[in-house]
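# Fold and contact review
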Amino acid sequence: MPGGEGIKIFARIKPTKRPSRLFDIDPDTNAISFNIPRDTANGILVNNARTNFNFKFDGIFGMDATQEDVFNVVAKSSVDSVLEGYNSTIFAYGQTGSGKTFTITGGTERYDDRGVIPRVLAYLFDVCRKDTEAQYSVYISFLEIYNESGFDLLDAAHDEGVAGLDDLQKVVILEDENGGMHLKGLSMNLANSAEEAMNLLFVGDTNRAMSATVMNDNSSRSHCIFTISVESRRAGTDVIRRSKLNLVDLAGSERTHKTGATGQLLRESKYINTSLHFLEVCIMALGDVQKGSRTHVPYRNSVMTMVLRDSLGGNCKTSMVATLNAEKAQTEETISTAKFAQRVALVQNKAEVNEERDPKLVIKRLKAEIKELKGELAFLRQTGGGGEGGEELELTQTELNHLRTKVKNFLIDPDPAAALSLGEQFTFKKMQAAFSASVSYTHLRAHETEADL
Ligand code: ADP
Ligand code: MG
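What you see is a predicted model, and the numbers here were worked out from it, not measured in a lab.

### Thoughts on the side chain of Glu 280
Tracing the sequence through the fold places Glu 280 in helix H6 (residues 274–291). A residue is classified by how much of its surface remains accessible, and Glu 280, at 10% relative accessible area, is buried. Engagement of the side chain of Glu 280 in a polar contact is seen with the side chain of Arg 343, the distance being 3.3 Å.

### Observations regarding the packing of aromatic side chains
Inspection of every chain in the model, using the stated rule, returns seven aromatic pairs. On the numbers, 5.1 Å between centres and 85° between planes, the contact of Phe 142 with Phe 226 is edge-to-face. One end of the pair, Phe 142, is in strand S8 (residues 134–146); the other, Phe 226, is in strand S13 (residues 223–234), and 84 residues separate them in sequence. By relative accessible area, Phe 142 is classed as buried at 3%. By relative accessible area, which is 0% here, Phe 226 ends up buried.

### Describing a nonpolar patch on the surface
A surface patch of nonpolar side chains, about 430 Å² in accessible area, is lined by Leu 377, Phe 379, Leu 380, Phe 428 and Met 431. Secondary-structure elements contributing two or more residues to the nonpolar patch are helix H9 (359–385) and helix H11 (428–440). Among the elements that line the nonpolar patch, the one with the most residues is H9, at three residues. Relative to the helices and strands, Phe 379 resides in helix H9. What makes Phe 379 exposed here is its relative accessible area of 51%.

### Notes on the site of ligand 1
The local shell around ligand 1 consists of Arg 12, Lys 14, Pro 15, Gln 95, Thr 96, Gly 97, Ser 98, Gly 99, Lys 100, Thr 101 and Phe 102. In this structure, an oxygen atom belonging to ligand 1 sits 2.8 Å away from a side-chain N or O atom of Thr 101. If ligand 1 stood free it would expose 550 Å²; the protein chains cover 64% of that surface. Sorting the residues of the shell around ligand 1 by element identifies strand S2 (8–14) and helix H3 (100–104) as the ones contributing at least two each. The leading source of residues in the shell around ligand 1 is H3, at three residues.

### A short note on the packing of H6 against helix H8 (residues 331–344)
A pair of packed helices can be characterised by two numbers: the angle between their axes and the separation between those axes. It is at 9 Å that the axes of H6 and H8 come closest, and there the two elements cross at 45°. In terms of axis orientation, H6 runs oblique to H8. Here H6 contributes Leu 279, Glu 280, Ile 283 and Met 284 to the contact with H8, which in turn contributes Phe 340, Arg 343 and Val 344. Taken together, the residues that form the contact of H6 with H8 break down as five nonpolar, no polar and two charged.

### Side note on helix H2 (residues 67–84)
Between its first and last C-alpha atoms H2 spans 24 Å; for 18 residues at 1.5 Å apiece the expected length is 26 Å, and the two agree. Buried within H2 we find Gln 67, Val 70, Phe 71, Val 74, Ala 75, Ser 78, Val 79, Ser 81, Val 82 and Leu 83. Backbone geometry just after H2 places Gly 85 at a positive phi near 105°.

### Notes on the pairing of S2
Burial runs high along S2: five of the seven residues are buried. Both S2 and strand S6 (residues 59–61) contribute to a ladder of three bridges, which runs parallel. Directly across from Phe 10, in S6, lies its bridge partner Gly 59.

### Describing unusual backbone geometry
Non-glycine residue Asn 30 carries a positive phi angle of around 50°. The residue Asn 30 is located in the loop between strand S3 (23–26) and strand S4 (31–35) in this model. Within the chain, Asn 147 stands out as a residue other than glycine whose phi angle is a positive 50°. Here Asn 147 lies in the loop between S8 and strand S9 (149–152).

### Overview of H6
Taking 1.5 Å of rise per residue, 18 residues should cover 26 Å, and H6 covers 26 Å from first to last C-alpha, within 8% of that figure. Check the buried side of H6 and you find it contacts strand S7 (88–93), S8, S13, helix H7 (303–307) and H8. One or two residues past the end of H6 sits Gly 292, with phi positive at roughly 90°.

### Concerning the confidence of the model for the protein
On average, the protein scores 84 in pLDDT, and the residues at 70 or more come to 84%. Across residues 258–270 the pLDDT falls below 50, and counting only partners more than four positions away or on other chains, this stretch makes 21 contacts in the model. Note on residues 447–453: pLDDT under 50 across the span, and 15 contacts to partners over four residues away in sequence or across chains.

### Describing the sheet that holds S4
What the three strands build is an open sheet, ordered S3-S4-S5; its pairing is antiparallel. Each end of this open sheet is capped by a strand with a single partner; those strands are S3 and strand S5 (52–56). In this sheet, adjacent strand axes meet at a mean angle of 15° when their direction is disregarded. Note: S4 against S5, five bridges, orientation antiparallel. If you follow Phe 34 over to S5, its bridge partner there is Phe 53. Against the sheet, H8 contacts S4 and S5, and its axis sits at roughly 45° relative to S5.

Parameters at a glance
Residues numbered from 1 in each chain as written. Chains lettered and ligands numbered in written order. Predicted model: local features only at pLDDT ≥ 70, side-chain atom pairs only at ≥ 80, totals over all residues. Heavy atoms only, no water. Helix = DSSP H or I, 4+ residues; strand = E, 2+ residues; numbered from the N terminus. Buried < 20%, exposed > 50% of the residue type's maximum accessible area, 1.4 Å probe, protein only. Polar contact = N/O pair within 3.5 Å; in protein donor to acceptor, adjacent residues only side chain to side chain. Phe/Tyr/Trp six-rings, centres within 6.5 Å; stacked < 30°, edge-to-face > 60°. Patch = residues over 30% accessible without salt bridge, like charges linked within 9 Å, V, L, I, M, F, W, Y side chains within 5 Å. Areas by Shrake-Rupley, 256 points an atom, 1.4 Å probe, with all protein chains shown as cover. Salt bridge = Lys/Arg side-chain N within 4 Å of Asp/Glu carboxyl O. Near = heavy atom within 4 Å. Axes fitted to C-alpha atoms, helices over the stretch in contact; angles between N-to-C directions. Parallel < 35°, antiparallel > 145°, perpendicular 65-115°, else oblique. Contact = heavy atoms within 4.5 Å. Nonpolar A, V, L, I, M, F, W, Y, C, P; charged D, E, K, R; others polar. Expected span 1.5 Å × (residues − 1). Pairing = 2+ DSSP bridges. pLDDT = per-residue confidence, 0-100.

What follows is the structure, given as structure tokens:
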């Protein structure tokens, strides 16, 4: 796509006391290389024909990187973009236990452990508060996708106790005639402050934990999308901007990928997360679209890819954080995650500012303009007509006859330089009368242009 911008990919390595010595990070080139000696490859890599891998990223967060580092490098510019009217998405991808939730939401033990969402909220509301030129409205949605069904994590039904997933209303995807997508049943909750938004995050997270119990599973099999929708109006304009920031904590990738680079058969289907599988399929297709060897991207195959359609190859600025487990036993998964990130980096998006004229604001402005013009007109009539009550006086029959004669003489005057004077006080009534007189005398017209007034 010409003029597009690639999805930015970052790697984050989860701290461990026992990092494997099979990989190496080059901070200068943002590359991670794996060197697997052949004799130890067995049992770690399915495809042991290849033992060297080199993966490039837009940035790498090593084991000592802080939550603040991740926010500053990955998320801060996303908030800035959203405030400018661009859609933005940050998604974490990696095997279970590699740090996706820690990155997106954060840890609860220490204040410093707060992740991207709390930091984004604090920064966003801070910028909004300081910007006196514009008015902002912020809404929060929290969607969980489990087994190809969407659930609203902020649905009040959770409060009444959920015995099973059937107790919850499903979120349904609807498409309009323009191909726009709407999530029916997903609430948008107004948040007036970072505290209110944080409370919604807390409510949603609690509900996520609860539904995980109901699902008799852990959260590693569901995807969560925390969406911050921002509406802004700049003072003195009719323009309204609407943009979204999606912060996505995907299901564990370990059940997804094809084994090895050669595209062997998928693992048993019961272990495959359909959404993540189709995410891979879409990313592959998008790569082919880029190369021109394909035009269709099968977003419709899963709920998650439909919800994230714009984030993948569409109107959105997207970043991916690939979370990596540095332990030796996890090398295969780590390489597979890094490999997936390389394909994601090839996807080109085309983000545009989402703005439109708000009809309500246009009408409001036009009404104000009309009111002002009416006032001006009344004033002109008043001063021009000299009438006391503001209304212009009617012309007397004598004045009318006098005017008609003037118009007639003007029209028959052969002198091209002749001028028509309507008397000392020029009023609308006089002008109207002169005009209708000139129309009735059209047969006399000598000065067509002047008579046209
Ligand atoms: P995932 O969501 O990918 O399954 P988690 O984010 O839940 O993984 O991480 C698993 C565990 O590791 C959690 O206890 C988490 O607090 C811890 N953890 C993950 N990443 C980091 C990190 N960068 N620094 C410190 N602890 C981390
Ligand atoms: Mg998690």
